Amino acid sequence: MRKMIDSGVEWLGAIPQDWDLVQIKSVTSCKSEKSSYIGGAYIGLEHIESGSGKLLADGSQTGIEVDSTVSSFSDTDILFGKLRPYLAKAAKPNFDGQCSTEILVLNPSSRIQKDFLFWYLLDPAFIDAVNASTYGAKMPRANWNFIGSCYLPLPPMNMQTVISSVLNEKFAQVDTLIANVQAQIEKLKAYKQSVITEVVTKGLDPTVPMKDSGVEWIGEIPAHWGVTRIKNMFELRNERNDEADLTKVNLISLYTDLGVVQHSDLTATTGNRAVTAEGYKIVRKNDIVVNIILCWMGAVGMSQYDGVTSPAYDIYRPLKDTNSEYYHYLFRTNRFNGECYRYGRGIMMMRWRTYSTEFRAINIPCPPAEEQKKIVAHLNEKCNKIDQLIAIKQAKIEKLEQYKRSLIYEYVTGKREVV
């Protein structure tokens with residue numbers, strides 16, 4: 001058992017006695033030269049996967065729109081995202097290129113192995129310390145002055161190589177496990193989608209006579225069902241809120257994966273935060289909320305709450321004999337989303353809008369009110385069981401991710417000895 005000594009650095013704790021303790025700036029330099037983007041390989045923050053070092057873009061990427069000013073890097077450098085450092089975006093490029101100025105370009109000296117420095121930059125304790133030093137409330141940024149002054153436990157070069165090799169191997173093994181679990185989750189999600197699509201268009205009784213709906217995306221429906229346009233089932237609501245104080249309203253948002261949620265139920269919100277609620281649209285319980293830009297991707301859902309939401313959304317009030325929860329399920333199927341795209345228009349996919357006039361013109365199945373209610377009860381029970389299975393698997397992934405983070409901390413600080 002090797003002897004450990006107190007490093008004197010809170011987030012490092014004890015380190016092996018035979019390791020050096022050095023400031024990061026003494027073993028690596030931060031490239032500060034900027035240049036104008038001239039095309040070719042480009043890496044932005046969005047191209048680096050959090051906590052993994054994986055690049056989501058490679059050296060062959062060309063012709064993308066970027067800011068005119070960029071930083072240059074080489075295959076000997078390490079990239080570290082200074083914007084919102086809690087995301088732990090660091091990467092080892094294996095090509096020369098250019099990157100966003102929101103990324104620090106660090107060049108290791110001969111005293112430290114590139115891989116070892118990379119792993120240290122992903123140490124969760126180090127990330128927490130950097131994040132605590134950030135400035136800027138809405139878009140916190142780290143700076144090189146703080147990072148460079150941080151201390152790093154530096155083992156002998158041969159030990160750096162061994163530690164990096166062990167971490168590379170163990171991460172590959174854990175990532176394989178995570179990929180397998182994620183594949184199981186995707187299969188469950190696909191199964192859930194197929195169950196919903198089948199029931200909302202075919203009903204619960206497979207023995208009833210069927211007929212052609214006359215609508216391609218719907219296909220056959222029970223013979224006693226009708227087909228109508230959305231405008232005959234929902235009325236556009238355009239009531240506006242006159243209360244500016246955000247603390248006096250229930251602010252709600254719409255997410256593709258989550259549906260309609262209250263901000264008070266979220267641990268964190270992304271995007272631009274509201275500063276006033278004045279002029280926001282009023283939403284009532286059972287209303288359908290539609291993101292006109294992203295409804296073709298599933299950003300539509302029923303609200304379970306009274307509240308206010310962005311004026312960028314369309315709000316639909318259910319009419320008589322309309323079960324909003326049944327249509328919540330229907331509107332979030334891939335088939336219906338495809339119809340939103342077909343009725344929409346725009347200059348690019350991420351700005352593809354389905355305005356209320358077009359949305360209300362979409363044909364939808366119309367089961368009897370009592371049958372809508374039975375379908376909802378069936379789907380709630382079925383989907384809850386599937387969601388529970390998905391949650392168990394997602395928890396397993398989170399445990400594996402936590403295990404990866406603990407491996408980094410224990411190995412780069414010497415608390416776990418390589419054998």
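Small disclaimer: the values here were computed from a predicted structure and weren't measured.

Calculation rules
Residues numbered from 1 in each chain as written. Predicted model: local features only at pLDDT ≥ 70, side-chain atom pairs only at ≥ 80, totals over all residues. Heavy atoms only, no water. Buried < 20%, exposed > 50% of the residue type's maximum accessible area, 1.4 Å probe, protein only. Helix = DSSP H or I, 4+ residues; strand = E, 2+ residues; numbered from the N terminus. Contact = heavy atoms within 4.5 Å. Polar contact = N/O pair within 3.5 Å; in protein donor to acceptor, adjacent residues only side chain to side chain. Salt bridge = Lys/Arg side-chain N within 4 Å of Asp/Glu carboxyl O. Pairing = 2+ DSSP bridges. Axes fitted to C-alpha atoms, helices over the stretch in contact; angles between N-to-C directions. Lys, Arg positive; Asp, Glu negative; His and termini not counted. 1 Å grid on protein atoms, 1.4 Å probe; cavity = no way out; pocket = protein on both sides within 12 Å on 5 of 7 lines; lining within 4 Å. Points joined across faces, edges and corners; volume = space filled by probe spheres on them. Nonpolar A, V, L, I, M, F, W, Y, C, P; charged D, E, K, R; others polar.

K.L.:
Explain helix α2 (residues 124-132) here, please?
P.N.:
Those residues of α2 that fall on the buried side of the exposure criterion are A125, F126, I127, A129 and V130. Packing partners of the buried residues in α2 comprise β8 (78-81), α1 (114-121), α3 (144-149) and α8 (369-412). For α2, the capping residue at the N-terminal end is D123, with a side-chain oxygen 3.1 Å from the backbone nitrogen of A125.

K.L.:
What am I meant to see in the side chain of D287 here?
P.N.:
For D287, the location among the structural elements is in the loop between β19 (281-283) and β20 (288-291). The class of D287 is buried, set by a relative accessible area of 1%. Among the polar contacts made by the side chain of D287, one reaches the main-chain amide nitrogen of R284 at a distance of 2.9 Å. Aside from chain neighbours lying at most four places away, what touches D287 is R237, G301, M302, S303, I315, Y316, R317 and P318.

K.L.:
How should I be thinking about the pattern of salt bridges in this particular structure?
P.N.:
Side-chain pairs of opposite charge can arise whenever the charged atoms involved come near each other. All told, the structure shown has 17 salt bridges when counted by the stated rule. Between D287 and R237 there is a salt bridge whose closest N-O contact spans 2.7 Å. Residue D287 is found in the loop between β19 and β20, and its partner R237 is found in strand β16 (residues 234-237); the two are separated by 50 residues along the sequence. A single burial state applies to D287 and to R237, both of which are buried. We note a salt bridge from R342 to E339, for which the minimum N-O separation is 2.8 Å.

K.L.:
How do you make sense of the sheet that holds strand β5 (residues 34-36) when you look at a structure like this?
P.N.:
In sheet architecture, strand pairing relies on hydrogen bonds along the backbone and comes in two forms, parallel and antiparallel. The strand order across the open sheet formed by four strands is β5-β7-β10-β6, and the pairing between neighbours is mixed. Edge positions in the sheet fall to β5 and β6 (42-43), since each of these pairs with one other strand and no more. Two strands pair when backbone bridges link them, and β6 and strand β10 (residues 97-99) are joined in this way by two bridges, in the parallel orientation. Looking at β10, one finds that I43 is bridged to C99.

K.L.:
Explanation requested: unusual backbone geometry in the structure shown.
P.N.:
Across residues other than glycine, the phi torsion is negative in most instances, and most of the peptide bonds are trans. Unusually for a residue other than glycine, A88 sits at a positive phi of about 55°. Within the secondary structure layout, A88 lies in the loop between β8 and β9 (90-91). With a phi angle near 85°, N286 is a residue other than glycine that sits in the positive phi range. Following the sequence through the fold, N286 ends up in the loop between β19 and β20.

K.L.:
Can you help me understand the pairing of β20 in this one?
P.N.:
Two faces belong to every sheet, and in a regular strand the side chains alternate between them. With burial as the criterion, each face of β20 is covered, one bearing I288 and V290 and the other bearing V289 and N291. With three bridges connecting them, β20 and strand β21 (residues 300-302) associate as antiparallel partners. What sits directly across from V289, in β21, is G301. Bridge count between β20 and strand β23 (residues 313-318): four bridges; the pairing is antiparallel. In the sheet register, I288 faces β23, and the bridge partner there is Y316.

K.L.:
Would you explain the sheet that holds β9 in this entry?
P.N.:
Here we have four strands laid out as an open sheet, ordered β4-β11-β8-β9, and antiparallel in their pairing. Single-partner strands in this sheet number two, and they are β4 (28-31) and β9. On top of the sheet, α1 reaches β4, β8, β9 and β11 (103-108); it is set at about 10° to β8, its chief contact.

K.L.:
Looking at this structure, I do not really get the side chain of K114. What am I missing?
P.N.:
Note that K114 resides in helix α1. Of the side chains with opposite charge, D75 comes closest to the buried, unpaired K114, at an N-O distance of 6.2 Å. Once you skip the residues sitting within four places of it in the chain, K114 turns out to touch D75, T76, D77, I78, K92, P93 and P108.

K.L.:
Help me understand the layout of surface pockets, please; the structure alone is not making it clear to me.
P.N.:
If a probe the size of a water molecule is rolled over the atoms, the empty space left behind becomes visible. Size it by volume and the largest pocket reaches roughly 1100 Å³. Along the walls of the largest pocket sit 30 residues, with K192, D257, L258, R332 and D387 positioned nearest its centre. Taken together, the elements giving at least two residues each to the lining of the largest pocket come down to α4 (157-202), β18 (259-262), α5 (324-331), α6 (334-343) and α8. Per-element tally for the lining of the largest pocket: the top contributor is α8, with seven residues. Of the residues assigned to the lining of the largest pocket, the class counts are twelve nonpolar, eleven polar and seven charged.

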